[in-house]
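Residue-level listing of the chains:
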Amino acid sequence: MGLVAHWQAVNTGVESVRAILAPAKVNLVLEVGAQRPDGYHELATLFQSISLYDRITLCEIDGDLDLVVSGPQAAVLQHVETEENLVCRAARLLSAAVGRPRPGVRIELEKRVPVAAGLGGGSTDAAAVLLGLAQAWGVQDPGLLQELACSLGSDVAFFLSGGTAIGRGRGELLTRVVLPPLWLVLANPGRRSSTADVYRTFSEHKGAGRPQKLLGWHCDAMINVLRREGPGGAGALLHNDLAEAAYMVTPEMLPLRAALAAAGAIGVQVSGSGATLFGLATDASHAAEIESRIRSIAAWTWWGSSLCL
Ligand code: C5P
C-alpha cells in the first residue's frame, strides 16, 4: 500500500478534484560512501515516513498549469519560480512522458513541512503529484514513475511508496522494511540548509582519503535493535555521516541538539542534510513533553509518530 491509499475525493461532487496527503520523512540512519563519477555519493539510508504532511489538491483545468501555495511553510516558496517548483516539474514531466499537449491542472499545495530542512518536503510533494496525476490520467506504468521520480531528485522514489525502507545507490534503490511504530520530536532552527552545500562540506572535510566503508552496517544494526527492543535501544544507533558537515553549515542546530537531549529524548540525530533534528521518544506523552520543553528555543517544532504504510 502506498500513498495512493491517502487519496480522498474531495466532497465537491466533481470527480476531477483530488486531495492527497504527502508525508515527510526522517533518516533513522544515513551512511555516506564514495562520490561517484556522476557527482552523487553512494548511500545506505533507513528512510522512515512520519505523520507530518503537506496537503495537495489537484484540479483539472482548461488552462496549462497553475500552482497555488498556502499553509504555515508557504512563505519560503514565494521566492521559488513556479516552474522551478518540484510539483510543477513533476506535472510537466509526466504530462510530456504520456504525450499530453499540456498538464491541464491546478495544483494547490498546503505547505506544512519546512522547506530545505532534511525532511524531504519537496520530494514528497513531487511524488504525490506523480501518483495523483498518474491515477487521474490512467497511467499504469510503475517503471515510468520510478524513472521520472529519479530525474526529479534522489529521494523522490522513496516517496512513491513511503513507509520504511532502506535506500541504496543514490537513495533510489529501495528495499521495504517492517519496523515497530516510533514516536518522534522534530526541531528546526529556522534556517534553510542546501543539500548540495552539506555534501560539498562533507567531501572537503571527511571525504578525501577516507577508507571505503562497507555501507549498510548501521542500517542493519538499527533494524535489528528496533525489532528486538523498540525505541529504547535505538537512541545510540541513530547515525548520520552528514551530521558533522550539517552542523558546520548550520551551527544554529547545536543548541537544539543539546535541548532535545536535556529534555529527555532517547537519542538525537540530524535528518538528511539538516537543518532539522529529530529525537526519539518512548510514547506519545513523552514526545509531547519533550516538544513542550524545547518549543521556546526552536523556530519550529513538531511531535508525532512514524507511518507504517
Ligand atoms: O538528488 P537531489 O536533488 O536531492 O540532490 C541534491 C544534491 O545533493 C546533489 O546535487 C548532490 O550534490 C548531493 N547528493 C549527493 N549524493 C546523493 C544525493 C545527493 O552528493 N546520494
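The residue numbers shown here count from 1 along each chain, following its written sequence. Local features in this predicted model are restricted to residues whose pLDDT is 70 or higher, and side-chain atom pairs enter the listing and the counts only when it is 80 or higher, whereas totals over whole chains, interfaces and linings include all residues. To get the side-chain values, take all heavy atoms of the structure and skip hydrogens and water.

Student: Before we go on, may I ask you to explain the site of the ligand in this structure?
Tutor: The environment of the ligand is made up of Gly39, Tyr40, His41, Leu43, Gly153, Ser154, Arg170, Thr195, Ala196 and Tyr199. Contacts to the ligand include Ser154, whose side-chain N or O atom sits 2.6 Å from an oxygen atom. The definition of a polar contact used here is a pair of N or O atoms within 3.5 Å, where within protein one atom must be able to donate a hydrogen and the other to accept one, and adjacent residues in sequence count solely through side-chain atom pairs. Contact between the ligand and Arg170: a nitrogen atom at 3.3 Å from a main-chain N or O atom of the residue. Summarising the interface, the protein chains cover 72% of the accessible area of the ligand, which totals 450 Å² for the free molecule. At a threshold of 2 Å from the grid points, most atoms of the ligand map onto the largest pocket. Where helices and strands are cited, they refer to DSSP runs of H or I of at least four residues and of E of at least two residues respectively, numbered from the N terminus. No other element matches helix H5 (residues 195-207), which puts 3 residues into the shell around the ligand. Definition of nearness: a residue and a molecule or strand are near each other if at least one heavy atom of the residue lies within 4 Å of the molecule or strand. Reported accessibility uses the Shrake-Rupley method at a 1.4 Å probe radius. Residues are deemed covered only where the shown protein chains occlude them. Every definition here rests on a 1 Å grid over the protein atoms only: cavities are sets of points where a 1.4 Å probe fits but cannot get out, pockets are open sets enclosed by protein on both sides within 12 Å along at least five of seven lines, and lining residues have some atom within 4 Å of a point. Throughout, a molecule is located in a cavity or pocket provided that more than half of its atoms lie within 2 Å of its grid points.

Student: Mind showing me how you'd approach the sheet that holds strand E12 (residues 300-305) here?
Tutor: Working definition: the strands of a sheet are paired by backbone hydrogen bonds and lie parallel or antiparallel to each other. Ordered by their spatial adjacency, 4 strands build an open sheet running E10-E11-E8-E12, and the pairing between neighbours is antiparallel. Taken across any chain shown, the strands that pair with only one partner, and hence form the sheet edges, are strand E10 (268-270) and E12. Each strand of the sheet is rotated relative to its neighbour by a mean of 25 degrees, with strand direction disregarded. Only heavy atoms matter for contacts: two residues are in contact if any of them lie within 4.5 Å across the pair. Fitted lines through C-alpha atoms give the axes, limited to the stretch in contact for helices. The angle between two N-to-C directions lies from 0 to 180 degrees. Strand contacts of helix H8 (residues 254-262): strand E8 (183-188), E10 and strand E11 (277-281), with the helix running at about 5 degrees to E11, the strand carrying the most contacts. DSSP bridges decide pairing: two strands pair if at least two such bridges lie between them.

Student: How should helix H6 (residues 217-229) be read in this particular structure?
Tutor: Think of an α-helix as turning once every 3.6 residues; residues three or four places apart then point the same way. End to end, H6 covers 18 Å across 13 residues, agreeing with the expected 18 Å (1.5 Å per residue, within 8%). Type-normalised accessible area, obtained with a 1.4 Å probe on protein chains alone, sets the label of each residue: buried when under 20%, exposed when over 50%, and partly exposed for intermediate values. Every buried residue of H6 is accounted for by Cys219, Ala221, Met222, Ile223, Val225 and Leu226. The secondary structure elements touched by the buried residues of H6 are strand E2 (17-35), strand E3 (41-60) and strand E6 (164-169). One fewer than the residue count of a helix, multiplied by 1.5 Å, yields its expected span.

Student: Hey, could you run me through the layout of surface pockets in this one?
Tutor: Taking a probe equal in size to a water molecule and rolling it over the atoms shows the remaining empty space. Considered as a void within the structure, the largest pocket measures approximately 1,200 Å³ in volume. In terms of lining, the largest pocket is formed by 49 residues, of which the most central are Leu86, Ser123, Asp155, Thr195 and Ser273. For the lining of the largest pocket, the secondary structure elements donating two or more residues are E2, E3, helix H1 (86-97), helix H2 (121-137), helix H3 (142-152) and H5. Among the elements that take part in the lining of the largest pocket, H5 stands out by supplying 5 residues, more than any other. Any residue that is not Ala, Val, Leu, Ile, Met, Phe, Trp, Tyr, Cys, Pro, Asp, Glu, Lys or Arg is counted as polar, Gly included; the first ten are nonpolar and the last four charged. By residue class, the composition of the lining of the largest pocket is 18 nonpolar, 22 polar and 9 charged. Grid points are joined across faces, edges and corners, and a volume is the space filled by probe spheres set on the points.

Student: Is there a simple way to think about the side chain of Ser305 in this case?
Tutor: Its location among the elements puts Ser305 in strand E12. For Ser305, a relative accessible area of 16% gives the class buried. Not counting the four nearest positions on each side in its chain, Ser305 is found in contact with Ile50, Ser51, Leu182, Trp183 and Leu184.

Student: It is not clear to me how the nonpolar core should be interpreted in this structure. Could you clarify?
Tutor: One broad trend across soluble globular proteins is that nonpolar side chains are buried collectively. Ranked by internal contacts, the top residues of the largest apolar core, which has 40 residues, are Ile56, Leu58, Leu94, Ile107, Val129, Leu130 and Leu133. Elements supplying a minimum of two residues to this core: E2, E3, strand E4 (65-70), H1, strand E5 (105-110), H2, H3 and helix H4 (156-161). Considering every element that reaches this core, the biggest residue donor is H2, with 9 residues. Not counting the four nearest positions on each side in its chain, Val129 is found in contact with Ile56, Leu58, Val87, Ala90, Ala91, Ile107 and Ala134. Note on terminology: a nonpolar core comprises buried Ala, Val, Leu, Ile, Met, Phe, Trp, Tyr and Cys residues joined through side-chain atoms within 4.5 Å.

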